[in-house]
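For reference, the chains in residue letters:
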Amino acid sequence: MSKFHCIPRGLDLKTYLFMFVVVPMCVLGIYIHGQKISYFLRPIWDKPLKPFNVIPHYYNENVTMENLCKLQGWGIREYPRRIYDAVLFSNELEILTLRWKELYPYITEFVLLESNSTFTGLPKPLVFNSNREQFRFVEPRLTYGTIGGRIKKGENPFVEEAYQRVALDQLLKIAGISDDDLLIMSDVDEIPSAHTLNLLRWCDDIPSILHLQLKNYLYSFEFRVDYKSWRASIHRYQTGKTRYAHYRQSDDILADSGWHCSFCFRRISDFIFKMKAYSHYDRVRFSHFLNPERIQRVICKGGDLFDMLPEEYTFRDIIGKMGPIPHSYSAVHLPAFLLENADKYKFLLPGNCMREK
């Protein structure tokens, strides 16, 4: 008992404060900001991808195709290759329209696969099928297929995504793709520029697998993030070897090849749907993330819908990208159909951040 009497009372108070105030606050802080802490420390636990071999991209509308191919270090073909554009579709009607209008002059066959459920297993209507009438301009060159989602509770959504990409391989065979045809592998919102496709279909000796470096935008063409979008790729098809995928498959990438406009929706409801439906649904950590008023504020600010830090691999890049994306007022070198129909698609242009509810 004498030993206990020797312990100062102040120490007991400090201990209680530490155990019942400081520790719970630390636990709560880690719970709320754990993902931010993890992303900020990413340079410690993760390494960046091996650098790409960036191929310079030459283009001017007044330069002949023969000279453009020569500048690239490639030969010129006697006739152009056929090109197939294959995508998985969810609900991106406006972006799909911009994509197909941009690519239309050079695509042999448009291939689209639609599921009746999301990658996360949520049932959804066949949005494209219900709006097929507005895509009559591609109907003679369209191979459309549907697939039933395998709704399994608790399954990693990337498993469902991979399952649908395998099904897209089968649909491509139905569409009639053959050896040495060009195949675009990209999401709907990863749009190669028309002149990029024209170059690749006419030039000889291009790499068998070529990634496309796209300008990376968020919410609209007002918020340009960087030039680091690389997942889109174009392949010289080989029967039995080419498999549809959305990860790194080559070390070669063609500079400045188009646009990636992520979360570029007209309606707030579409933002909410994608946040709950796509493979990274785990980023919706709190219910208030889906609040329509909050989403609208974040869009106009150029902030992050998931309240995350930048996905970078150096502390310098993380700190440099922290905070809202700077506004851009340039609408130069955007898809032609967008500018020709600016009134209809003004939500994608600078100065028009307000969305329909």
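Below is a short write-up of the structure. (Residues numbered from 1 in each chain as written. Predicted model: local features only at pLDDT ≥ 70, side-chain atom pairs only at ≥ 80, totals over all residues. Heavy atoms only, no water.)

To continue, consider the packing of helix α4 (residues 65-72) against helix α8 (residues 194-202). Where α4 meets α8, the axes come as close as 10 Å, and the angle between the chain directions of the two elements is 80°. Put simply, α4 runs roughly perpendicular to α8. The segment α4 lies against α8, with M65, L68, C69 and Q72 engaging N198, L199 and W202. Residues that form the contact of α4 with α8 fall into these classes: 5 nonpolar, 2 polar and no charged. (Axes fitted to C-alpha atoms, helices over the stretch in contact; angles between N-to-C directions. Helix = DSSP H or I, 4+ residues; strand = E, 2+ residues; numbered from the N terminus. Parallel < 35°, antiparallel > 145°, perpendicular 65-115°, else oblique. Contact = heavy atoms within 4.5 Å. Nonpolar A, V, L, I, M, F, W, Y, C, P; charged D, E, K, R; others polar.)

Locating R81 in the fold gives a position in the loop between β2 (75-76) and β3 (83-89). By relative accessible area, which is 4% here, R81 ends up buried. A distance of 2.9 Å separates the side chain of R81 from the backbone oxygen of C203, its partner in a polar contact. Apart from the residues within four sequence positions on either side, R81 is in contact with D180, L182, L200, R201, C203, D204, D205, I206 and R236. (Buried < 20%, exposed > 50% of the residue type's maximum accessible area, 1.4 Å probe, protein only. Polar contact = N/O pair within 3.5 Å; in protein donor to acceptor, adjacent residues only side chain to side chain.)

Another point: the pairing of strand β14 (residues 258-262). Counting buried positions along β14 gives 5 out of 5 residues, so the element sits mostly inside the fold. In β14, alternate side chains face the same way, and those of G258, H260 and S262 on one face and W259 and C261 on the other are all buried. Bridge count between strand β7 (residues 190-192) and β14: 3 bridges; the pairing is antiparallel. Looking across to β14, one finds that P192 is bridged to G258. Relative to β14, strand β10 (residues 214-218) is paired through 4 bridges, and the arrangement is parallel. Of the residues in β14, the one forming a bridge with L218 is S262. (Pairing = 2+ DSSP bridges.)

The terminal C-alpha atoms of helix α7 (residues 157-175), which comprises 19 residues, lie 27 Å apart, in line with the 27 Å expected from a rise of 1.5 Å per residue. Among all positions in α7, only P157, E160, E161, Q164, R165, A167, L168, D169, L171, L172 and A175 are buried. Looking at the buried positions of α7, the neighbouring elements they touch are β3, β4 (109-115), β5 (142-147) and β6 (182-185). The positive-phi residue at the C-terminal boundary of α7 is G176, with phi of around 95°. (Expected span 1.5 Å × (residues − 1).)

On to the sheet that holds β3. Pairing is mixed across the open sheet formed by 8 strands, whose spatial order is β1-β13-β9-β12-β6-β3-β4-β5. Bordering the open sheet on either side are β1 (53-55) and β5, each of which pairs with just one other strand. Here the strands of the sheet are splayed against their neighbours by 25° on average, with no regard to which way each runs. Of the pairings in the sheet, the one linking β3 to β6 comprises 4 bridges and is parallel in character. From the neighbouring strand, A86 faces β6, where its bridge partner is M185.

Following both chains from N to C, one finds helix α9 (residues 268-277) and helix α10 (residues 292-301) inclined at 100°, their axes separated by 10 Å at the closest point. The angle between α9 and α10 falls in the class roughly perpendicular. Across from I268, F271, I272 and M275 in α9, the residues of α10 making contact are P292, I295, Q296 and I299. Of the residues in the contact of α9 with α10, the class split is 7 nonpolar, 1 polar and no charged.

Attention now moves to the pattern of salt bridges. By the definition in use, this model includes 21 salt bridges. The salt bridge partner of E114 is K124, with a shortest N-O separation of 3.4 Å. On the criterion of sequence distance, the pair formed by E114 in strand β4 and K124 in the loop between β4 and α6 (127-130) is long-range, its members being 10 residues apart. K124 gets classed as buried once you look at its relative accessible area, which sits at 8%. In this structure, a network of salt bridges that share partners links the residues R77, R81, D180, D204 and R236. (Salt bridge = Lys/Arg side-chain N within 4 Å of Asp/Glu carboxyl O.)

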